[in-house]
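Here is how the chains run, residue by residue.
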Amino acid sequence: MLRHRQWLLKSRPEGALSLGDFEFREQHIPDPELAPGQILVQNLMFSCAATMRNWMNAPGRSHRSIDLGTPMLGPGGSQVVKSNHARFPVGTRVTLLAPWEDYSVLEPDTSPTPITALPSEVKLTEALGIYSLNSCTAYFGLLEVGQPKVGETVVVSAAAGSVGSMVVQIAKIVGCRVIGVAGGRDKCDLVVEHLGADAAIDYKHEDVGARLRELCPKGVDVYFDNVGGDILAAVMDNIAVKGRIAVCGQVASYDSGAPAPGLRDMMRVIYRSVTVRGFVMDEFMQDVDTARADMKRWVAEGRLRHHEDIRTGFENLPHAFMALFNGESRGTVIVESGEPAEG
Ligand SMILES: NC(=O)c1ccc[n+]([C@@H]2O[C@H](COP(=O)([O-])OP(=O)(O)OC[C@H]3O[C@@H](n4cnc5c(N)ncnc54)[C@H](OP(=O)(O)O)[C@@H]3O)[C@@H](O)[C@H]2O)c1
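Fair warning: this is a prediction, and the values are worked out from it, not measured in the lab.

Chemist: Teacher, can you tell me more about helix α7 (residues 229-237) here?
Modeler: Along an α-helix, residues three or four positions apart point the same way, because every turn accommodates 3.6 residues. Turning to α7, its buried residues number three or more, namely Ile-231, Leu-232, Ala-233, Ala-234, Val-235 and Met-236. Of the surrounding elements, those touching the buried residues of α7 are β8 (153-157), β9 (177-182), α6 (208-215), β11 (220-225), β12 (239-247) and α8 (266-271).

Chemist: How should I be thinking about the environment of Glu-152 in this particular structure?
Modeler: Relative to the helices and strands, Glu-152 is located in the loop between α3 (133-146) and β8. Taking the C-alpha atoms as reference, Glu-152 lies 35 Å from Arg-61; in sequence the two are 91 residues apart. Non-local contacts of Glu-152, meaning those with residues more than four positions away in its chain, are made with Gln-147, Cys-176, Arg-177, Asp-221, Val-222 and Arg-244.

Chemist: It is not clear to me how the side chain of Arg-311 should be interpreted in this structure. Could you clarify?
Modeler: Take Arg-311: it is sitting in strand β14 (residues 308-312). Residue class for Arg-311 comes out buried when judged on its relative accessible area of 18%. Polar contacts involving the side chain of Arg-311 include one to the side chain of Asp-309, which spans 3.0 Å.

Chemist: Can you help me understand the packing of α3 against helix α9 (residues 288-300) in this one?
Modeler: The angle between the axes and the distance between the axes are what describe a pair of packed helices. In the contact formed by α3 and α9, the axes pass within 10 Å of each other and the chain directions differ by 95 degrees. With respect to α9, the axis of α3 lies roughly perpendicular. For the pair α3 and α9, contact is made by Leu-133, Ser-135, Cys-136, Tyr-139 and Phe-140 and by Val-288, Thr-290, Ala-291, Arg-292, Asp-294, Met-295 and Trp-298, respectively. When its residues are assigned to classes, the contact of α3 with α9 shows 8 nonpolar, 2 polar and 2 charged.

Chemist: Can you help me understand the nonpolar core in this one?
Modeler: One broad trend across soluble globular proteins is that nonpolar side chains are buried collectively. One finds Phe-140, Leu-142, Val-156, Val-191, Phe-224, Met-295 and Leu-304 to be the most contacted residues of the largest nonpolar core, which totals 39 residues. For this core, the leading source of residues is helix α4 (residues 162-173), giving 7 residues. If sequence neighbours within four positions are ignored, Phe-224 has contacts with Thr-137, Ala-138, Gly-141, Leu-142, Val-155, Val-156, Ser-157, Val-163, Val-167, Ala-246, Cys-248 and Phe-279. Phe-46, Met-52, Leu-96 and Val-335 belong to the second-largest nonpolar core, a separate cluster that totals 30 residues.

Chemist: Mind showing me how you'd approach the sheet that holds β11 here?
Modeler: Spatially, the 6 strands line up as an open sheet ordered β10-β9-β8-β11-β12-β13, and their pairing is parallel. Looking at strand neighbours, the two that pair on one side only are β10 (199-202) and β13 (275-278), the edges of this open sheet. Within the sheet, the average angular offset between the axes of one strand and its neighbour, ignoring direction, is 15 degrees. As paired strands, β9 and β10 are joined by 4 bridges and run parallel to one another. Bridging across to β10, Val-181 finds its partner in Ile-201. On top of the sheet, helix α5 (residues 185-194) reaches β9 and β10; it is set at about 165 degrees to β10, its chief contact.

Chemist: Got a minute to help me understand unusual backbone geometry in this structure?
Modeler: Trans is the common state for peptide bonds, and a negative phi is the common state for residues other than glycine. Even without a glycine there, the phi angle at Ala-158 is positive, about 45 degrees. Relative to the assigned elements, Ala-158 resides in the loop between β8 and α4.

Chemist: Before we go on, may I ask you to explain the side chain of Asn-57 in this structure?
Modeler: Among the structural elements, Asn-57 can be located in the loop between α1 (52-55) and β4 (73-83). With relative accessibility at 5%, the residue Asn-57 sits in the buried group. A distance of 3.0 Å separates a polar atom in the side chain of Asn-57 from a polar atom in the side chain of Arg-53.

Chemist: Please explain a nonpolar patch on the surface as it appears in this structure.
Modeler: Together, Met-267, Ile-270 and Tyr-271 give the surface a local cluster of nonpolar side chains, amounting to about 360 Å² of exposed area. For Tyr-271, the location among the structural elements is in helix α8.

Chemist: Help me out: how do you make sense of the pairing of strand β1 (residues 2-9) in this one?
Modeler: In the case of a regular strand, side chains alternate between the two sheet surfaces. Of all the 8 residues making up β1, 7 are buried; the element is thus mostly covered by neighbouring parts of the structure. Sheet topology places β1 next to strand β2 (residues 22-29); 8 bridges connect them, and they run antiparallel. Looking at β2, one finds that Trp-7 is bridged to Phe-24.

Chemist: Got a minute to help me understand the pattern of salt bridges in this structure?
Modeler: Between side chains of opposite charge, a pair can form when the charged atoms approach closely. Tallied over the entire structure, the rule returns 19 salt bridges. One salt bridge connects Glu-214 with Arg-211, and the closest N-O pair in it is separated by 2.8 Å. Here Glu-214 pairs with Arg-211, and both are found in helix α6, just 3 residues apart, close to one helical turn. Judged by its relative accessible area of 17%, Arg-211 falls in the buried class. For the salt bridge of Asp-237 with Arg-264, the shortest nitrogen-to-oxygen distance reads 2.6 Å. In this pair, Asp-237 sits in helix α7 while Arg-264 sits in the loop between β12 and α8, placing the two residues 27 residues apart along the sequence. A relative accessible area of 31% means that Asp-237 is categorised as partly exposed. What makes Arg-264 exposed here is its relative accessible area of 64%.

About the cut-offs
- Think of each chain on its own: its residues are numbered from 1, step by step along the sequence as written.
- Side-chain atom pairs in this predicted model are given and counted only at pLDDT of 80 or more, local residue features only at pLDDT of at least 70, and totals for whole chains, interfaces and linings cover all residues.
- Hydrogens are left out, water is left out, and the side-chain values use all remaining heavy atoms of the structure.
- Think of it in three bands: residues with accessible area under 20% of the maximum for their type are buried, residues over 50% are exposed, and the middle band is partly exposed, with areas taken using a 1.4 Å probe on protein chains only.
- Numbered from the N terminus, helices here are DSSP runs of H or I no shorter than four residues, and strands are runs of E no shorter than two.
- Working rule for contacts: check all heavy atoms of both residues, and any pair within 4.5 Å makes them a contact.
- What qualifies as a polar contact is a pair of N or O atoms within 3.5 Å, subject to a donor-acceptor requirement within protein and to the restriction that residues adjacent in sequence count only when both atoms come from side chains.
- The angle between two axes is taken between their N-to-C directions and runs from 0 to 180 degrees, where each axis is a line fitted to C-alpha atoms and a helix contributes only its stretch in contact.
- Geometric relationships in this document are graded by angle, where less than 35 degrees denotes roughly parallel, more than 145 denotes roughly antiparallel, 65 to 115 denotes roughly perpendicular, and other angles denote oblique.
- Under this grouping Gly is polar, as are all residues other than the nonpolar Ala, Val, Leu, Ile, Met, Phe, Trp, Tyr, Cys and Pro and the charged Asp, Glu, Lys and Arg.
- Here, nonpolar core means buried Ala, Val, Leu, Ile, Met, Phe, Trp, Tyr and Cys residues that are tied together by side-chain atoms lying within 4.5 Å of each other.
- Note on pairing: two strands pair once DSSP finds at least 2 bridges between them.
- Every patch collects residues that have over 30% relative accessible area and no salt bridge, joining them within 9 Å if they carry like charges and within 5 Å if they are nonpolar side chains (Val, Leu, Ile, Met, Phe, Trp, Tyr).
- Only the protein chains shown count as cover for residues, and the accessible areas themselves come from Shrake-Rupley with a 1.4 Å probe.
- A carboxyl oxygen of Asp or Glu within 4 Å of a side-chain nitrogen of Lys or Arg is what we treat as a salt bridge.

Have a look at this one:
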């Protein structure tokens, strides 16, 4: 028998997330029989991504919706413990969209989301951290969508977060001046001292519009928008002629039941010839190897580093996820499951 723990979606959150939206279940299950092409994985690590908050909503409000009473889903790192698939022998480590549970039976050839075997030299924390799809989102969103040029000013919101912290560093690597926006003095210090931004704005205690006027007298050339809302409005008031806005996420609205508000003055888009472009990482999937190769080189050169906020214990998953919305998290939140004891 296997000790099998799960975190299920109990209710669709109304407003801010609460622990009551999740239900913990623990069972002892028989070792599953596998059909041809199936594998049994033990899910060892889970990373928490802000987008998962949208997946908790009813169908139709984002591109994915988790059914009530089924396990939460998020990026994970797992190990094959039983196999009926030649390319995934026992011991293979994989990244996947993992259900929040100890064990999952998967069918790699028909899975709607990729199950990717990891090369032996890549650690699970690296696969879920520095070389994750969040980092690739930063890479493509900045370089392909934002199109920054040497000497331009880039502003990034949620700058101490998983995507934002990589945007700050990549924008510096390609020769831009970078202003990060984050909540609280601690995070702003991390953005400047650890990530190398030229300045940071504490949106919880400072007037973002006034600080942008002071820091960007010639305007903001590229805005990497992770949050939307009031910060987007303040950047829009300070956007440069031919400015570009890469719309990556709208986290300021994720806890509200309402759609994310749009720009308040479209005339500014016209008179300043601004490009506003939303994107999803999926559109760049064919080029992720190029992104990872560049990031690997930057890491080797000491120009790119990653902040992992590693927490322990499967039972702490909801709490760790909620840290993305209450200001507690830094960089990428990764939860190490801890070994489930055999029953
Ligand atoms: N387009 C895509 O394909 C794609 C892919 C991945 C992620 N994303 C988006 O990228 C963004 C960042 O995701 P992530 O996983 O890296 O999360 P994250 O930035 O590590 O965590 C979310 C951050 O949002 C900030 N935040 C939370 N509530 C806020 C509010 N009300 N107003 C302003 N800031 C708030 C918090 O930072 P502070 O403490 O500084 O407020 C928190 O650190 C999200 O919008 C996500 O949806 C998009």
